[in-house]
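Residue strings, one per chain:
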Amino acid sequence: MEIKLEDLKILYSSEQLQTRIAEVSKELNNFYNGEEVIAICVLKGAVVFATDLVRHLDMPLKIEFIRLSSYGSSTTTSGKVNAVDIKLPDLNGKNVLIIEDIVDTGLTAKFLVDFIHMNFHVKTLKFCSLLDKKITRKVDIEPDYYCFDVDDKFVVGYGLDYDGYYRNLPYIGYKE
Ligand code: 5GP
């Protein structure tokens, strides 16, 4: 499938994204109640969402970045998660918040949650995803927080790419 900018339909506008991110941030602020958080942004897809989200969070917060990949340059997952760069500080006793762009098969989310539990005794571990594509789930995992549902569409924009492009779009789009 090739995706051209002129073929894209808007699924979630910039305004819808920003309104919903503010709502989810309130839930996170209520949950953490001022306690320190280590946010882990999963590169590259979550970078736009994470930078908007953290600006609403009102506790002491540090951001870490890790890089995983499962898609290569296609529009379907390879089914295998590659840890491209997963260096993390000591997370023992910390409130850890993973920030992801989309949970699709759930393989990436499960890999990360298992990785953190295997390596650290965290105080809390929460998973916050911009999008939740429940219909394509292959493993039993749900994000603790998410902004919007997506059905079985390949979406781009607001951090999500097609072959590296379209991450800079301020909206979430799809090709019909
Ligand atoms: P999962 O491991 O849950 O199958 O997929 C996670 C990763 O696949 C996401 O972090 C994202 O990078 C990529 N992905 C899944 N669905 C889509 C989609 O609809 N559009 C784009 N651009 N990437 C997707």
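It should be noted that the structure appears before, not after, this text.
Residues numbered from 1 in each chain as written. Predicted model: local features only at pLDDT ≥ 70, side-chain atom pairs only at ≥ 80, totals over all residues. Heavy atoms only, no water.

## As for the pattern of salt bridges
Argument step 1. The final tally for this structure, using the stated rule, is twelve salt bridges.
Argument step 2. Residues joined by salt bridges that share partners form a network here, namely D132, K134, R137, E142 and D149. (Salt bridge = Lys/Arg side-chain N within 4 Å of Asp/Glu carboxyl O.)

## What about the site of the ligand?
Argument step 1. Among the 17 residues in the neighbourhood of the ligand, the closest are listed as D101, T105, T108, V155 and D161.
Argument step 2. G106 is positioned such that a nitrogen or oxygen atom in its backbone is 2.9 Å from an oxygen atom of the ligand.
Argument step 3. Residue K133 places a side-chain N or O atom 2.9 Å away from an oxygen atom belonging to the ligand.
Argument step 4. If the ligand stood free it would expose 510 Å²; the protein chains cover 92% of that surface.
Argument step 5. Of all elements in the fold, only β5 (95–103) and α3 (107–119) reach the threshold of two or more residues within the shell around the ligand.
Argument step 6. Looking at which element gives the most residues to the shell around the ligand, the answer is β5, with four residues.
Argument step 7. Classifying every residue of the shell around the ligand gives seven nonpolar, four polar and six charged. (Near = heavy atom within 4 Å. Polar contact = N/O pair within 3.5 Å; in protein donor to acceptor, adjacent residues only side chain to side chain. Areas by Shrake-Rupley, 256 points an atom, 1.4 Å probe, with all protein chains shown as cover. Helix = DSSP H or I, 4+ residues; strand = E, 2+ residues; numbered from the N terminus. Nonpolar A, V, L, I, M, F, W, Y, C, P; charged D, E, K, R; others polar.)

## Description of the nonpolar core
Argument step 1. Counting 31 residues, the largest nonpolar core has L28, F49, L130, L131 and I172 as the members making the most contacts within it.
Argument step 2. Elements with a contribution of two residues or more to this core: α1 (14–32), β2 (37–43), α2 (47–54), β5, β6 (124–132), β7 (145–149) and β9 (172–175).
Argument step 3. With five residues, α1 is the single largest residue contributor to this core.
Argument step 4. With residues near it in sequence (within four places) discarded, I172 still touches K9, I10, L11, Y12, L17, L130, L131, V155, V156, G157, Y158 and L160. (Core = buried A, V, L, I, M, F, W, Y, C linked by side-chain atoms within 4.5 Å. Buried < 20%, exposed > 50% of the residue type's maximum accessible area, 1.4 Å probe, protein only. Contact = heavy atoms within 4.5 Å.)

## Notes on the packing of aromatic side chains
Argument step 1. As enumerated under the stated definition, the model contains four aromatic pairs in all.
Argument step 2. Aromatic pair Y12 and F148: ring centres 4.0 Å apart, planes at 20°, arrangement stacked. Of the two residues, Y12 sits in strand β1 (residues 8–12) while F148 sits in strand β7, which places them 136 residues apart along the sequence.
Argument step 3. When its relative accessible area of 14% is taken as the criterion, F148 is described as buried.
Argument step 4. Ring centres 6.5 Å apart and planes at 80° place the aromatic pair F154 and Y162 in the edge-to-face group. By the burial criterion, F154 is buried, and Y162 matches it.
Argument step 5. Over the ring of Y174 we find K153; its NZ or CZ atom is 4.8 Å from the centre of that ring. (Phe/Tyr/Trp six-rings, centres within 6.5 Å; stacked < 30°, edge-to-face > 60°. Lys NZ or Arg CZ within 6 Å of the ring centre and 35° of its normal.)

## Some details on the pairing of β5
A regular strand places its side chains on the two faces of the sheet in alternate fashion.
Argument step 1. Burial of β5 is extensive: nine of the nine residues sit out of reach of the surface.
Argument step 2. Sheet analysis places β5 next to β6, joined by eight bridges and oriented parallel. Residue pairing in the sheet places I102 in a bridge with L131 of β6.
Argument step 3. With α3 bridging β5 and its parallel neighbour β6, the resulting β-α-β unit is right-handed. (Pairing = 2+ DSSP bridges. Right-handed = clockwise from strand over helix to strand, strands pointing away.)

Read these as spatial facts, not as claims about activity.
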